[in-house]
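Chain and residue survey
Each chain, letter by letter, is given below.
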Amino acid sequence: MSSAERVQLYQRKLYLKAKQEKDFRFYVLYDKIFLHYVMEEAWKQVKANGGSAGVDGVTIEDVEKTGVEKFLNMLTEELRQQTYQPSAVKRVWIPKANGEQRPLGIPTIKDRVAQMACLLVIEPIFEADFEEHSYGFRPKRSAHDAIAKIKEHLKAGKTEVYDADISKYFDTIPHEKLMIALNERIKDQRVLKLINKWLKAAVYDDGQYTGGKRNKEGTPQGGVISPLLANLYLHLLDRIVSSTRSIFKKLRIVMVRYADDFVLMGKTLKAAAINKLKDLLTRMGLTLNEEKSRQIKAKETPFNFLGFVFRYDRSFKGPEGSKFWNVKPSEKSNQKIRDKIGSALKKMGPYKPEVMVTELNAILRGWLHYFDIQGVSYSFASKRKLNHYLRERLIKYFNRKSQRKSRLYRTQAFELLVRKYGLIDPMKYSSAT
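The text that follows walks through the structure, step by step, so that each part is easy to find. Predicted, not measured: the structure shown is a model, and the values here were computed from it.

1. As for the overall build of the protein chain
Of the regular secondary structure elements, the protein chain holds 18 helices and eleven strands. Its C-alpha atoms give the protein chain a radius of gyration of 24 Å, within 12% of the compact-globule value 22 Å for 433 residues. Expressed along its principal axes, the backbone C-alpha trace of the protein chain runs to roughly 70 × 60 × 45 Å. Taken over 433 residues, the protein chain has a buried fraction of 48%. Looking at the protein chain alone, contacts between residues at least 24 apart form 71% of all its contacts between residues at least 6 apart. Carbon and sulfur atoms provide 50% of the accessible area of the protein chain, an area that totals close to 22,900 Å². For the protein chain, the distance from the average position of its 80 positive side-chain charges to the average position of its 49 negative side-chain charges is 5 Å.

2. Some details on the sheet that holds strand S4 (residues 202-205)
Strand order in the open sheet formed by four strands is S2-S1-S4-S5, and the pairing between neighbours is mixed. Edge positions in the sheet fall to strand S2 (101-106) and strand S5 (208-211), since each has one partner strand and no second. Geometrically, the sheet is characterised by an average inter-axis angle of 40° between neighbouring strands, direction not taken into account. The pairing of strand S1 (residues 89-95) with S4 spans two bridges and is classified as parallel.

3. Quick notes on helix H10 (residues 189-199)
The set of residues buried in H10 consists of Val191, Leu192, Leu194, Ile195, Lys197, Trp198 and Leu199. Buried positions along H10 lie against helix H2 (30-33), helix H5 (68-81), helix H6 (109-127), helix H9 (175-183) and helix H11 (226-242). Measuring from the backbone nitrogen of Arg190 back to the side-chain oxygen at the start of H10 gives 3.0 Å, which picks out Asp188 as the cap.

4. Structural notes on the layout of surface pockets
A water-sized probe rolled over the atoms picks out the places where empty space is left. In this structure, the second largest pocket spans a volume of roughly 420 Å³. Among the elements of the structure, strand S10 (308-314), strand S11 (323-329) and helix H16 (380-400) are those that each provide at least two residues to the lining of the second largest pocket. Tallying contributions element by element places S11 first for the lining of the second largest pocket, with three residues. The residue inventory of the lining of the second largest pocket, partitioned by class, reads five nonpolar, two polar and four charged.

5. Structural notes on the pattern of salt bridges
Enumeration over the complete set of coordinates arrives at 21 salt bridges. Arg239 serves as the salt-bridge partner of Glu184, at 3.1 Å between the closest nitrogen and oxygen. Taken together, the residues span a long stretch of sequence, with Glu184 in the loop between H9 and H10 and Arg239 in helix H11 at a distance of 55 residues. Note on Arg239: relative accessible area 34%, which makes it partly exposed. In this structure, the salt-bridge partner of Arg283 is Asp279, at a minimum N-O distance of 3.3 Å. Here the residue Arg283 and the residue Asp279 both occupy positions in helix H13 (residues 271-283), the gap between them amounting to four residues, near one helical turn. Taken together, the shared-partner salt bridges in this structure form one network comprising Lys22, Asp129 and Arg185.

6. Overview of the side chain of Thr76
Along the chain, Thr76 falls in helix H5. Discounting chain neighbours no more than four positions away, the residues touching Thr76 are Phe34 and Met39.

7. Re the nonpolar core
Among the nonpolar cores identified, the biggest contains 77 residues, and Val113, Ile122, Ile195 and Leu237 are the most heavily contacted of them. The dominant element in this core, judged by the number of residues it contributes, is H6, at twelve residues. In this structure Ile195 touches Cys118, Ile122, Leu182, Ile225 and Leu229, once residues within four positions along its chain are discounted. Counting 48 residues, the second-largest nonpolar core is a separate cluster that includes Tyr135, Leu364, Leu386 and Tyr389.

8. A word on the packing of helix H1 (residues 3-20) against helix H3 (residues 36-49)
How two helices pack is summed up by the angle between their axes together with the distance between the axes. Two numbers describe how H1 lies on H3: the axes approach to 9 Å, and their chain directions differ by 110°. On the basis of the axis angle, H1 is roughly perpendicular to H3. Considering only the axes of H1 and H3, their crossing is left-handed. Between H1 and H3, the residues in contact are Ser3, Ala4, Arg6, Val7 and Tyr10 and His36, Tyr37, Val38, Glu40, Glu41 and Lys44, respectively. Classifying every residue of the contact of H1 with H3 by side-chain character gives five nonpolar, two polar and four charged.

9. With respect to the environment of Pro302
Inspection of the secondary structure puts Pro302 in the loop between strand S8 (294-297) and strand S9 (303-305). Residue Pro302 is classed as partly exposed on the basis of its relative accessible area of 29%. Expressed as a C-alpha distance, the spacing of Pro302 and Lys323, which sit 21 residues apart in the sequence, is 14 Å. Discounting chain neighbours no more than four positions away, the residues touching Pro302 are Arg294, Ile296, Val309, Phe310 and Arg311.

10. Looking at the sheet that holds S9
The three strands are arranged S9-S10-S11 in an open sheet whose pairing can be described as antiparallel. Because the sheet does not close on itself, it has two edges, and the strands there are S9 and S11. Here the strands of the sheet are splayed against their neighbours by 30° on average, with no regard to which way each runs. Looking at chain direction, S9 and S10 are connected through three bridges and run antiparallel.

11. Here we look at helix H15 (residues 353-371)
With 19 residues, H15 ought to run about 27 Å at 1.5 Å a step, and its terminal C-alpha atoms sit 26 Å apart, in line with that. Tucked inside the fold, the buried residues of H15 contact S10, S11, helix H14 (331-347), H16 and helix H18 (413-421).

Rules used in this analysis
Every chain's residues receive numbers from 1 upward, in the order its sequence appears when written. This being a predicted model, a pLDDT of at least 70 is required before a residue's local features are given, and a value of 80 or more before pairs of side-chain atoms are given or counted; all residues contribute to the totals for chains, interfaces and linings. Only heavy atoms go into the side-chain values, all of them from the structure, while hydrogens and water stay out. Helix numbers and strand numbers start at the N terminus; a helix is a DSSP run of H or I with at least 4 residues, a strand a run of E with at least 2. Throughout, radius of gyration means the C-alpha value; the globule benchmark is 2.2 Å times the number of residues raised to the power 0.38. Relative accessibility decides the category of a residue: with a 1.4 Å probe and only protein chains considered, values under 20% of the type maximum give buried, values over 50% give exposed, and everything between is partly exposed. In this description, contact between two residues means that some pair of their heavy atoms is separated by no more than 4.5 Å. Using the Shrake-Rupley algorithm and a 1.4 Å probe, accessible areas are obtained, with residue cover drawn only from the displayed protein chains. Charged-residue counts in this description rest on Lys and Arg as positive and Asp and Glu as negative, His and the chain ends being excluded. Taken as the charge location is NZ of Lys, CZ of Arg, CG of Asp or CD of Glu. Here the rule is simple: two strands pair whenever DSSP picks up at least two bridges between them. Only C-alpha atoms enter the line fits that serve as axes; for helices the fit covers just the stretch in contact. Angles between N-to-C directions range over 0 to 180 degrees. What qualifies as a polar contact is a pair of N or O atoms within 3.5 Å, subject to a donor-acceptor requirement within protein and to the restriction that residues adjacent in sequence count only when both atoms come from side chains. Any residue with an atom within 4 Å of a point lines the site, the site being either a cavity, points on a 1 Å grid over the protein atoms alone where a 1.4 Å probe fits but cannot get out, or a pocket, an open set with protein on both sides within 12 Å along at least 5 of 7 lines. Grid points are joined across faces, edges and corners, and a volume is the space filled by probe spheres set on the points. Residue polarity is assigned by list, with Asp, Glu, Lys and Arg as charged and Ala, Val, Leu, Ile, Met, Phe, Trp, Tyr, Cys and Pro as nonpolar; anything else, Gly included, falls into the polar class. Salt-bridge detection follows one rule: a side-chain nitrogen of Lys or Arg within 4 Å of a carboxyl oxygen of Asp or Glu. Definition used in this section: a nonpolar core is a set of buried Ala, Val, Leu, Ile, Met, Phe, Trp, Tyr and Cys residues joined via side-chain atoms within 4.5 Å. The labels follow the angle: roughly parallel below 35 degrees, roughly antiparallel above 145, roughly perpendicular from 65 to 115, and oblique for the rest. Crossings are classed by handedness, with left-handed meaning an anticlockwise turn of the near helix from the far one by less than a right angle and right-handed meaning a clockwise turn. Multiplying 1.5 Å by the helix residue count minus one yields the expected span of that helix.

Have a look at this one:
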């Protein structure tokens with residue numbers, strides 16, 4: 001039996017126990033984290049996820065050169081003897097479309113493997129508790145499922161929408177309250193202590209260390225275990241929204257949540273429900289971004305969620321005057337893919353068709369696969385615009401590489417790259433194939 005199969009078997013047992021006994025508390029989990037097959041699977045998943053080195057400069061390749069078995073044995077022993085101490089988290093800043101920057105925390109490879117091993121053990125327990133309307137960073141769930149559910153609610157008449165935005169969610173999760181949430185299921189103090197170490201890890205940013213033991217809030221985006229912790233903390237909100245006694249249930253208001261992005265939907269959204277939401281988040285130590293959060297009537301005003309825009313548009317196929325829920329890539333998403341293509345072509349050196357096609361296909365395939373949801377998203381117009389933009393950018397690329405009109409321009413570069421080198425034609429792409 002492979003390490004993956006053994007881990008899955010153990011996870012299944014944990015999940016069923018937690019599902020069947022809602023009040024059960026797990027007292028003995030720590031020793032399972034450093035079982036050899038758990039550690040082996042943790043390494044495989046960290047390697048598959050890739051990523052750059054942390055503050056120690058050690059890469060996946062460095063670990064493989066010095067020996068994976070030796071690396072895992074040393075980490076296993078540290079965990080067994082409880083001498084393991086996480087390194088600082090390396091902070092990098094990711095540019096956002098609005099000109100701001102999003103902080104990303106990169107743990108070391110060693111810390112990523114330790115976090116992954118812990119995640120493999122505790123995730124099934126909380127998965128048994130999580131609500132149906134939560135879709136982000138969960139096994140066998142995706143952004144596509146969330147988009148499909150929103151469309152389903154719209155078609156059912158829940159067209160009043162509160163589009164919520166939590167300010168700096170990952171950076172403001174209160175540690176003390178998060179540990180209380182963990183403690184509802186996990187009573188093994190060694191596991192709780194281990195998680196607390198990751199929460200208290202210092203942050204290394206541009207030569208300076210901040211945070212550390214004095215830090216009382218936040219879990220770094222980029223940490224392996226952070227998405228689970230983020231989901232667990234908002235599960236407190238999920239439970240109240242789903243409670244039969246809540247104002248949300250009484251008013252037949254539903255939620256669709258993907259990590260810290262969520263919408264409330266109903267046939268009507270009374271102020272009392274919105275005020276209750278704000279009160280709950282305040283009590284949790286969180287803050288709604290009032291500028292980005294808004295209440296709308298979706299039949300009159302389009303709204304965006306996870307890169308898609310939902311519009312109530314006139315149908316050209318049905319009876320005159322009929323309308324349908326049009327779900328397609330938002331203009332912001334369309335601009336992002338154009339920017340990526342333009343940036344990639346600007347950075348490319350001398351024309352090497354195989355290299356060019358490999359780089360462009362990686363960009364195109366990811367975008368097209370995400371937005372081409374069969375039966376939910378209507379991305380034809382976006383594909384057509386992307387096709388047109390790609391043709392124009394290739395013409396500019398080849399003309400820039402030559403002072404006279406490029407031979408490839410005359411012979412239609414886009415068609416040649418598609419036919420001979422396998423460049424993806426957006427108009428012919430389908431995620432179903």
